[in-house]
2 protein chains.
Amino acid sequence: MKIEFPDGTVKEFAPGITGHEIALSLSEHLARVAVAMTINNKLSDISAPILEDSAVKFITTHDPEGLELLRHSTAHIMASAVCRLFPEAKLGIGPVIEDGFYYDFDNLKITRDDLETIENEMRNIIKEKIPFERKVVTKEEALALSGEEPYKMELIRELPEEEEISYYMTGDYKDLCRGPHIPHTGHVKAFKLLRIAGAYWRGDSNNSMLTRIYGTCFPDKKALNEYLELRKIAEENDHVKLGKELDLFITDKTIGQGLPLLTPRGAAIKNVLIQFVEEEERKRGYVYTITPFIGKSELYKISGHWDHYKEHMFIVSEESSDEELALRPMTCPFQFTLYNRKLHSYKELPIRYAETSTLFRNESSGSMHGLIRIRQFTLAEGHIICRPDQLEEEFDNALDLIGFIMKTLDMTEYTYRFSKWDPKNKAKYIDNPEAWEKSEATLKKILDKSGIPYVEAEGESAFYGPKLDIQMKNIWGKEDTIITVQIDFALPGRFNMTYQDKDGTEKTPFIIHRSSIGCYERTMAILIEHFRGKFPFWIAPEQMRIVTVSDQFYDFAFALRDKCRNAGIRAEVDVRDETLNKKIRDAQVQYIPVIATIGKKEVDAQTVSVRTLDGTVKYGMNLDEFIRICQGFNKDRNLTITF
Amino acid sequence: MKIEFPDGTVKEFAPGITGHEIALSLSEHLARVAVAMTINNKLSDISAPILEDSAVKFITTHDPEGLELLRHSTAHIMASAVCRLFPEAKLGIGPVIEDGFYYDFDNLKITRDDLETIENEMRNIIKEKIPFERKVVTKEEALALSGEEPYKMELIRELPEEEEISYYMTGDYKDLCRGPHIPHTGHVKAFKLLRIAGAYWRGDSNNSMLTRIYGTCFPDKKALNEYLELRKIAEENDHVKLGKELDLFITDKTIGQGLPLLTPRGAAIKNVLIQFVEEEERKRGYVYTITPFIGKSELYKISGHWDHYKEHMFIVSEESSDEELALRPMTCPFQFTLYNRKLHSYKELPIRYAETSTLFRNESSGSMHGLIRIRQFTLAEGHIICRPDQLEEEFDNALDLIGFIMKTLDMTEYTYRFSKWDPKNKAKYIDNPEAWEKSEATLKKILDKSGIPYVEAEGESAFYGPKLDIQMKNIWGKEDTIITVQIDFALPGRFNMTYQDKDGTEKTPFIIHRSSIGCYERTMAILIEHFRGKFPFWIAPEQMRIVTVSDQFYDFAFALRDKCRNAGIRAEVDVRDETLNKKIRDAQVQYIPVIATIGKKEVDAQTVSVRTLDGTVKYGMNLDEFIRICQGFNKDRNLTITF
């Protein structure tokens, strides 16, 4: 039997030899580090016998496939440790994820403190170098093996008859698993359990809530420590942590998941972003509408949301309403209804409807996070209704607006993704392959002409059309879609939207669905992580802090504060019983962009002394001039803060 | 038998004589006009026999009781006509209402055009002078009489055993009815059927939808015509009609009842009002929060809404959510949760939280109207959390703010109502009689001290405390509550809200729930009816219309428009193929406050000619000065529009 290796060499072996034996024949080191192999590009246990001529490649934990396998095996080791320590726990599933693994358990009541105990037991199992043994079984045998594991039994029952069922045995621990796995537990050198979370069995909220333990594992301690270090930095700069420290938002269990409450400071940021976007969009010819946040199912049936998006929608209960109402997940059908209130001439187009729009989406419990993924959010939403000859220019205008907004926000590290439908998964989309091809070709043409660099992604479009996504990585390295621009071939027809063309005939317009700043909450999260509290003047929730040498100057301070507030500047007076220096230091630590100090000299001369974050101080400024300059920082958002 | 009359005279009659016979004995005219009588102050058919000494008063259709009775009888006549014309129709109920009557029918498919046919048949019945005959029956007899009327049977079955059941016969028409009625149909001189509406049987949306016909009736043609004239004026100035004509808002059956959509023009008005209120409230020390529009039932159980307000709330269905969520009817529990995020010192109080808050209330189908009573609305909501020693001043501040806002909006015809709980209906309120008495006494003291004139109303308080209501009459003469200020003794304790007092102890603060402009949609409705489209400059959705002598000046016009828009002025260019004069006339008819005309002279000199609604024209204005003056009208809302 001939075996070919990656370097092209070919060797003869007797049929039936295992991968491990071949590795051993080549080098003792290789046999020690190889945790798996590929036979004709198919990943396999290294203990598997090879029966005929094949190409074989050995895999170590430094290969991407090897690392994944190592993590998968570590998930088994964790589950094995949990079963030893908590025999009443029932197994769910335990897959590998982006940067580690998890395993779900029912009937396991533990706290964060238990993770160390589990880690210690895992270390015992690793020391024992227990082999992972694969066992192919029939469905009946599998059911017998899983006798006390109801979730495994459910999975086995659903397996197709023709599928090969395998079990992996690691000492006393047995797990339904396709594999492959590392040869024995001793190959795990560096792992860490990270956190506990709740997760519904199969992600379905009608099922039991299981306990999920997250962990990770690396080929060596150095790589693990580097990862943990990065993770710590990310955690410290996560907007949830900063949001609490900067008093920007809270979440509350009694109110519900994914429903953050913005404090006055957080609300100030959101409101200033809304004001910025609305002002800019109005300048660019958008007109604002205000449409309701609930609507009848009838409306969503026309739009297609009822068929393609219902699982993400909150429906009002029958008992509490005489109509079948749902909270809206998008504004499109509402703005389309407004468009249809009258006839439109070709001359009126493009019509650019914008709305600072509240939307509701039923995100799953596990996916919610801070301000990034929530159940109620505010989208800078808009629909451009235009003629075919205006499509390209309007698309470019939308891109230009996004570019301007991102630049003003100091957000430059984004990429473009051209999201297409998935013809193999037609149920997810409006079924009109011809229109999909046509509109994807149109979008591609526009993108190529615009010269922006983009990647293509199948299966990421909206259900009604292809889109361009603006993608950003968050502090955890996870890519999120921040803003989308979509071409819609389906909804204008479904809503019977028309315009009267030059020749008097009624035609169907094109629609561009687009955002400009995206979802305000998500953008806030990115800004919080980006600026780490050191917001530019125009965004800062507290733009000015007024500190006095003593409380005898409070009247002057409050008068200045009110004058500033009337001029649209967010000013506060520090009334704590602290020294001037302590007050200044605290304001600096909190990155207040402008610190106004007031003592006898200032009150006598009716002036103010001004400190900025670059450390400069300007004494004895005229009050009106001081306020005028601050107003300028609010108006021209790119000005350097200097007096 | 002695009968005493209202003028004090007493006459002898034989027992058993009817009212009609007595009237006839007094005067033929009286017998002709008297439609009923009171026997010892109890209203009765005039055909009823009198059996013992009594005080008798005759009633004509010019007496309030007589008019009501006339309308009730006309409802029977209408039902009789409907039964003649549409024998398959089934009777619901037909009561008298404020300015007329209605009758509900099942199985009656008619349009507005059928009302004339019904009126004609009613005229026939009136001509026939058919007597109303009262018949007292047993429950069994009543059920037999109602054999083909399922709704009447339902009512009869529910009658208490001891109750006297009466039927009124009007020729072939028979109706379960307490009466009394006019002697015969010929007494109806002036009636009109007004409109058709849908109404659920017994107002319950789980029941059938019936057809309701509204009508009215007056003692004579003159009074009827006066009423119809007033009604026409009200209808023409109703904000729903004006809202459509001025293109401010629409409602749409597919979206749902009580869910208006604001067009760009309507949204402009709402946004400008929000901006005005937020700016003013910020100046007065309010800080804005942004809290979610849905929350868990757990939260509303703490607040008491679940027990006292649930019927008005929209609940999210169990199938579509893993938590029991409801759309919020008020913001209080959300702002209280925010307050509780940290400890507060007595020094921080008062804290004035404001929110431009979206609320949802499940108004019944019949009660919804335009922008006045809707299912989703925006309240200028606020909660002042203060110490006991600050309560009076904060209440006065709230009143002062309301006065300022009403004055700026040119709304002066409002009254104050002191709304108290109803101790006889304890289920509606938080059960703490002592606290009710104390807080009502406190509020009364504050009101008396403030010197505002007010009326008291029992049973009109919030479920958690007494309130002061600002009341206005709408164009139909109906009084609505526009704004409320409430003192809350219950919720701070329920939410465990505290502050640390000077002496270090934790104390419970007082809360004032208050609005400033009320519900934005309702206030818009009032403004629409008040100004009838002739909005002041700062409110006008289109503040400036630019008209050109010909299309060769469009570039200049669009440049001016964009410059104005950048300066925050809502400007449009009239691009229709019309003459300058026609364009100016149309703008004047639409009450556009500023009309800018552009011809060759203006373009050459880079100026603009300006027309205002008072008819004055100013030629050749410098562009920058023109824009600066317009900006001034936006800033100082009380300026006269003059250049």
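### Overview of the sheet that holds strand E10 (residues 165–170) of chain B
Residue and element names in this part refer to chain B.
Here's step 1: Pairing is antiparallel across the open sheet formed by three strands, whose spatial order is E9-E10-E11. Of all strands in the sheet, those bounded by a partner on one side alone are strand E9 (133–137) and strand E11 (173–176). The average undirected angle you get between the axes of adjacent strands in this sheet is 25°.
Here's step 2: Along the sheet, helix H3 (residues 64–85) makes contact with E10 and E11, crossing E11 at roughly 130°.

### Comments concerning the nonpolar core
Here's step 1: Tyr464 of chain A together with Tyr464 of chain B are the most contacted members of the largest nonpolar core, which totals 78 residues.
Here's step 2: Going through the elements one at a time, helix H10 (297–303), strand E20 (325–327), helix H12 (332–339) and strand E21 (351–360) of chain A together with helix H10 (297–303), strand E18 (325–327), helix H12 (332–339) and strand E19 (351–360) of chain B are the ones with two or more residues in this core.
Here's step 3: With residues near it in sequence (within four places) discarded, Tyr464 of chain B still touches Met330, Cys332, Ile430, Trp436, Gln486, Asp488, Phe489, Ala490, Leu491 and His513 of chain B.

### Focus on the packing of aromatic side chains
Residue and element names in this part refer to chain A.
Here's step 1: Per the stated rule, a full pass over the model turns up 41 aromatic pairs over all chains.
Here's step 2: When the centroid spacing of 5.5 Å and the interplanar angle of 85° are considered together, the rings of Phe633 and Phe643 count as edge-to-face. Here Phe643 lies in the segment after helix H20 (623–635) and Phe633 lies in helix H20, a separation of 10 residues in the sequence.
Here's step 3: For Phe643, a relative accessible area of 21% corresponds to the partly exposed category.

### Describing the interface of chain B and chain A
A common way to report how large an interface is uses the accessible area buried once the components associate.
Here's step 1: Taken residue by residue, the interface counts 63 residues in chain B and 63 residues in chain A.
Here's step 2: Surface buried jointly by chain B and chain A totals about 5200 Å² across both partners, of which 59% is contributed by carbon and sulfur atoms.
Here's step 3: For chain B, the biggest contributors to the area lost against chain A are Thr254, Ile290 and Asp322 of chain B; these three give 12% of the whole.
Here's step 4: Our enumeration of links across chain B and chain A arrives at 10 salt bridges.
Here's step 5: Note that Asp322 of chain A is salt-bridged to Arg375 of chain B, the shortest N-O span being 3.2 Å.
Here's step 6: Where chain B touches chain A, the interface holds 24 residue pairs in polar contact (both at pLDDT 80 or more).

### With respect to the pairing of strand E25 (residues 467–473) of chain A
Residue and element names in this part refer to chain A.
Here's step 1: In terms of residue burial, E25 counts as a mostly covered element, since six of its seven residues are buried.
Here's step 2: Pairing geometry for strand E23 (residues 414–420) and E25, over six bridges, is antiparallel. If you follow Ser419 over to E25, its bridge partner there is Lys467.
Here's step 3: Here seven bridges tie E25 to strand E26 (residues 479–488), and the two strands are oriented antiparallel to one another.

### Looking at the pattern of salt bridges
All names here are of chain A.
Here's step 1: Per the counting criterion, the structure on display carries 108 salt bridges over all chains.
Here's step 2: One salt bridge in this structure joins Glu163 and Arg178, with 3.2 Å as the shortest N-O distance. Remark: Arg178 occurs in the loop between strand E13 (173–176) and strand E14 (190–200) and Glu163 occurs in the loop between helix H6 (150–158) and strand E12 (165–170); sequence separation between them is 15 residues.
Here's step 3: For Arg178, a relative accessible area of 64% gives the class exposed.
Here's step 4: Here the salt bridges do not stand alone but share partners, grouping Arg417, Glu460, Lys467 and Asp469 into one network.

### What about the relation of the copies chain B and chain A?
Here's step 1: Structural alignment of chain B on chain A gives an RMSD of 0.8 Å, achieved by rotating through 178° and translating 0.1 Å along the axis. Expressed as a symmetry operation, the mapping of one chain copy onto the other fits a two-fold axis. Ranked by how close their C-alpha atoms come to the rotation axis, the residues of chain B are headed by Ser317 of chain B, at 1.9 Å.
Here's step 2: Interface overlap between copies: 100% of the residues of chain B at the interface are likewise at the interface in chain A, consistent with a symmetric, same-surface contact.

### Things to note about the environment of Leu24 of chain B
Residue and element names in this part refer to chain B.
Here's step 1: Summarising the element assignment, Leu24 is placed in helix H1 (residues 19–26).
Here's step 2: A relative accessible area of 47% means that Leu24 is categorised as partly exposed.
Here's step 3: Measuring from C-alpha to C-alpha, the distance between Leu24 and Asp469 comes to 52 Å, with 445 residues separating the pair along the chain.

### Examining the confidence of the model for chain A
Residues and elements named next belong to chain A.
Here's step 1: Residue-level pLDDT values for chain A average 93, and 100% of them are 70 or greater.
Here's step 2: Model confidence for chain A, summarised as mean pLDDT per element, is weakest for helix H11 (residues 305–308) at 88 and strongest for strand E17 (residues 261–262) at 98.
Here's step 3: Here the prediction assigns the complex a pTM of 0.81, and the interface score ipTM is 0.80.

### Some thoughts on the side chain of Lys296 of chain A
Here's step 1: With respect to the helices and strands, the residue Lys296 of chain A is situated in strand E19 (residues 294–296).
Here's step 2: Overall, the relative accessible area of 15% leaves Lys296 of chain A in the buried class.
Here's step 3: Side-chain polar atoms of Lys296 of chain A contact the backbone oxygen of Lys253 of chain B, separated by 2.8 Å.
Here's step 4: Among all residues touching Lys296 of chain A, those that are not within four sequence positions of it are Glu323, Glu324 and Leu325 of chain A together with Lys253, Thr254, Ile255 and Gly256 of chain B.

### Points about the environment of Tyr464 of chain B
Residues and elements named next belong to chain B.
Here's step 1: Mapped onto the secondary structure, Tyr464 falls in the loop between strand E22 (454–458) and strand E23 (467–473).
Here's step 2: Between the C-alpha atom of Tyr464 and that of Val188, which follows or precedes it by 276 residues, the distance is 48 Å.
Here's step 3: At 2.7 Å, the side chain of Tyr464 forms a polar contact with the side chain of Gln486.

### Quick word on the domain arrangement of chain A
Here's step 1: Looking at the assigned domains, one finds that chain A contains domain 1 (2–59), domain 2 (64–221), domain 3 (261–531) and domain 4 (544–636).
Here's step 2: Put simply, the middle of domain 1 of chain A and the middle of domain 3 of chain A, counted by C-alpha atoms, are 52 Å apart.

### Focus on the sheet that holds E23 of chain A
All names here are of chain A.
Here's step 1: Read across the open sheet, the eight strands follow the order E18-E21-E22-E29-E26-E25-E23-E24; overall the sheet is mixed. Edge strands, defined here as strands with exactly one partner in the open sheet, are strand E18 (287–288) and strand E24 (454–458).
Here's step 2: Taken together, the two bridges between E18 and E21 define a ladder with parallel strand orientation. Note on E21: the bridge partner recorded for Val287 is Tyr353.
Here's step 3: Running over the sheet, helix H9 (residues 264–283) touches E18, E21, strand E22 (376–386) and strand E29 (510–519) and is turned about 145° from E29.

### Here's the deal with unusual backbone geometry
Comment: phi is negative for the bulk of residues other than glycine, and the bulk of peptide bonds are trans.
Residues and elements named next belong to chain A.
Here's step 1: In this structure, Pro180 follows Gly179 across a cis peptide bond, with omega equal to -5°.
Here's step 2: With respect to the helices and strands, Pro180 occurs in the loop between E13 and E14.
Here's step 3: Even without a glycine there, the phi angle at Arg202 is positive, about 60°.
Here's step 4: Examined against the element boundaries, Arg202 turns out to sit in the loop between E14 and strand E15 (209–218).
Here's step 5: Owing to a relative accessible area of 45%, Arg202 belongs among the partly exposed residues under this scheme.
Here's step 6: With phi around 65°, Asp410 is a residue other than glycine that occupies positive phi space.
Here's step 7: Position of Asp410 among the secondary structure elements: in the loop between helix H13 (391–408) and E23.
Here's step 8: For Asp410, a relative accessible area of 39% puts it in the partly exposed group.

### So, the packing of helix H9 (residues 264–283) of chain B against helix H13 (residues 391–408) of chain B
Residue and element names in this part refer to chain B.
Here's step 1: In the contact formed by H9 and H13, the axes pass within 12 Å of each other and the chain directions differ by 145°. Between H9 and H13 the crossing geometry is right-handed. Side by side, H9 and H13 meet where Phe276, Val277, Glu280 and Glu281 of the first sit next to Leu401, Phe404, Ile405 and Thr408 of the second.
Here's step 2: A class-by-class count of the residues in the contact of H9 with H13 yields five nonpolar, one polar and two charged.

The rules we used
- Residues numbered from 1 in each chain as written.
- Chains lettered and ligands numbered in written order.
- Predicted model: local features only at pLDDT ≥ 70, side-chain atom pairs only at ≥ 80, totals over all residues.
- Heavy atoms only, no water.
- Pairing = 2+ DSSP bridges.
- Helix = DSSP H or I, 4+ residues; strand = E, 2+ residues; numbered from the N terminus.
- Axes fitted to C-alpha atoms, helices over the stretch in contact; angles between N-to-C directions.
- Contact = heavy atoms within 4.5 Å.
- Core = buried A, V, L, I, M, F, W, Y, C linked by side-chain atoms within 4.5 Å.
- Buried < 20%, exposed > 50% of the residue type's maximum accessible area, 1.4 Å probe, protein only.
- Phe/Tyr/Trp six-rings, centres within 6.5 Å; stacked < 30°, edge-to-face > 60°.
- Buried area = accessible area lost by both parts, 1.4 Å probe.
- Salt bridge = Lys/Arg side-chain N within 4 Å of Asp/Glu carboxyl O.
- Polar contact = N/O pair within 3.5 Å; in protein donor to acceptor, adjacent residues only side chain to side chain.
- Least-squares fit on C-alpha atoms with pLDDT ≥ 70 in both.
- pLDDT = per-residue confidence, 0-100.
- Domains from an automatic or database assignment.
- Left-handed = near helix turned anticlockwise from the far one by under 90°.
- Nonpolar A, V, L, I, M, F, W, Y, C, P; charged D, E, K, R; others polar.

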